[in-house]
Amino acid sequence: MNTIEEIDDRKKPRHIAIIMDGNGRWAKEKGRLRVFGHENGVTTVRRTVESCVKFGIDYLTLYTFSTENWNRPKYEIDTLMRLLVSSLKKELKTFNKNNVRFNTIGDIKALPKNAYEELLEVMEKTKENTGMTLTLALSYGARDEMLNAVKQIAVKVKNNIISPENIDETIINNHLYTHNLPDVDLLIRTSGEHRISNFLLWQIAYAELYFIDVYWPDFKEQHLIEAIIDYQNRERRFGKTSEQLN
Ligand code: IPE
Ligand code: IPE
Ligand code: MG
């Protein structure tokens, strides 16, 4: 079993992203409604944020609601939005206490008005914080993000603000929702599914992937420690040879 003491400040991931999956199955196995799983998933979010603050992680990005999740039953969507608003109201104080800067990616204008306004308020009230940046991906889809970026760049080309030959990776990056975030170092997905589900496709180009079978409501600090230690023990070569790195 790995321990917190093994987390190495020089080797730990700077940016952790998590696909929080398995709430529905967790509830179903207990003979409960799917939304019971979401309610319990909120507790895991709170614990995970606190653990990442404690470990000195700079960026934590959580996949909270995808563009595809709009296709779920209305009752489930309504519950998720209600949970989002009530958690934001509750957590604002904790964010400030922990020096957490709150951020979002995705088409948040598509959310119900009260959720949208609550998000703006929490972002505004935590914007001076200098500790960890917590980003919730809401109504987020990586393809939607890229599509938006292409449209914005196309308009700038049309208006002679950018010339086509100058389009480079930095320009593309600057037009993504994540323009203020570094690339993902460690991507974790819970619940045993081995897929990306339209999350951060550009930003995970060189992320280390970590899949774990536990459902999100059962994900504990110990699991996070195991993931970080596993990450620390990998060699990230970025296309080079092992010898070049040493
Ligand atoms: C993740 O759990 C939460 C959201 C996608 C909002 P799920 O609701 O996807 O749970 P499963 O995958 O159906 O078990
Ligand atoms: C991905 O989980 C989205 C979030 C965790 C918010 P899903 O449960 O929606 O993904 P798929 O549909 O099983 O791939
Ligand atoms: Mg799922």
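Please read all numbers here as calculations on a predicted model, not as lab measurements. (Residues numbered from 1 in each chain as written. Chains lettered and ligands numbered in written order. Predicted model: local features only at pLDDT ≥ 70, side-chain atom pairs only at ≥ 80, totals over all residues. Heavy atoms only, no water.)

> Can you walk me through the UniProt feature "binding site: Mg(2+)" (unreviewed entry) in the chain in this structure?
According to UniProt, the "binding site: Mg(2+)" (unreviewed entry) feature falls on Asp21 and Glu208. Lining residues of the largest pocket, restricted to the annotated ones just named, are Asp21. Relative to the helices and strands, Asp21 resides in the loop between strand 1 (15–19) and helix 1 (23–29). Every residue in contact with Asp21, bar those within four places of it in the chain, is listed here: Arg189, Thr190, Ser191, Glu193, Tyr215 and Trp216. Along the chain, Glu208 falls in strand 6 (residues 208–211). Residue class for Glu208 comes out buried when judged on its relative accessible area of 16%. (UniProt positions renumbered as here; feature names shortened; annotations may be inferred. 1 Å grid on protein atoms, 1.4 Å probe; cavity = no way out; pocket = protein on both sides within 12 Å on 5 of 7 lines; lining within 4 Å. Helix = DSSP H or I, 4+ residues; strand = E, 2+ residues; numbered from the N terminus. Contact = heavy atoms within 4.5 Å. Buried < 20%, exposed > 50% of the residue type's maximum accessible area, 1.4 Å probe, protein only.)

> Before we go on, may I ask you to explain the site of ligand 1 in this structure?
Close contacts around ligand 1 come from 13 residues, with Asp21, Gly24, Arg25, Arg34 and Arg72 the closest. Separating an oxygen atom of ligand 1 from a backbone N or O atom of Gly22 is a distance of 3.3 Å. Contacts to ligand 1 include Gly24, whose backbone N or O atom sits 2.9 Å from an oxygen atom. Against a free-state accessible area of 370 Å², the protein chains account for coverage of 87% of ligand 1. The site holding ligand 1 turns out to be the largest pocket. If one sorts the elements of the shell around ligand 1 by residue count, helix 1 sits on top with 3 residues. The class makeup of the residues in the shell around ligand 1 is 2 nonpolar, 6 polar and 5 charged. (Near = heavy atom within 4 Å. Polar contact = N/O pair within 3.5 Å; in protein donor to acceptor, adjacent residues only side chain to side chain. Areas by Shrake-Rupley, 256 points an atom, 1.4 Å probe, with all protein chains shown as cover. Sits in = over half its atoms within 2 Å of the grid points. Nonpolar A, V, L, I, M, F, W, Y, C, P; charged D, E, K, R; others polar.)

> What am I meant to see in unusual backbone geometry here?
Only a minority of non-glycine residues have a phi that is not negative, and only a minority of peptide bonds are not trans. Look at Ser197: it is not a glycine, yet its phi comes out positive at around 50°. In this fold, Ser197 is placed in the loop between strand 5 (186–189) and strand 6. For Ser197, a relative accessible area of 30% gives the class partly exposed. At Asn198, a residue that is not glycine, the phi angle is positive and equals roughly 65°. Here Asn198 shows up in the loop between strand 5 and strand 6.

> Can you walk me through the site of ligand 2 in this structure?
Near ligand 2, the surroundings consist of Ile19, Met20, Asp21, Tyr63, Thr64, Phe65, Asn69, Arg72, Arg189, Arg195 and Ser197. One of the side-chain nitrogen or oxygen atoms of Asp21 is found 3.2 Å away from an oxygen atom of ligand 2. Compared with its free state, where it exposes 390 Å², ligand 2 has 77% of that area covered by protein. Counting atoms within 2 Å of the grid points, the majority share of ligand 2 lands in the largest pocket.

> What exactly am I supposed to notice about the pattern of salt bridges here?
Scanning the entire structure with this criterion turns up 21 salt bridges. A salt bridge links Arg34 to Glu76, with the nearest nitrogen and oxygen atoms 2.8 Å apart. Here Arg34 is found in helix 2 (residues 34–55), whereas its partner Glu76 is found in helix 3 (residues 74–97), with 42 residues between them in sequence. Look at Arg34 and you get partly exposed, because its relative accessible area is 37%. Classification of Glu76 by relative accessible area gives buried; the value is 5%. The salt bridge partner of Asp78 is Lys74, with a shortest N-O separation of 2.7 Å. Residue Asp78 and its partner Lys74 are located together in helix 3, separated by 4 residues, close to a single helical turn. Residue class for Asp78 comes out partly exposed when judged on its relative accessible area of 38%. By relative accessible area, which is 60% here, Lys74 ends up exposed. Here the salt bridges share partners, and the residues they tie into one network are Asp21, Arg25, Arg189, Glu193 and Arg195. (Salt bridge = Lys/Arg side-chain N within 4 Å of Asp/Glu carboxyl O.)

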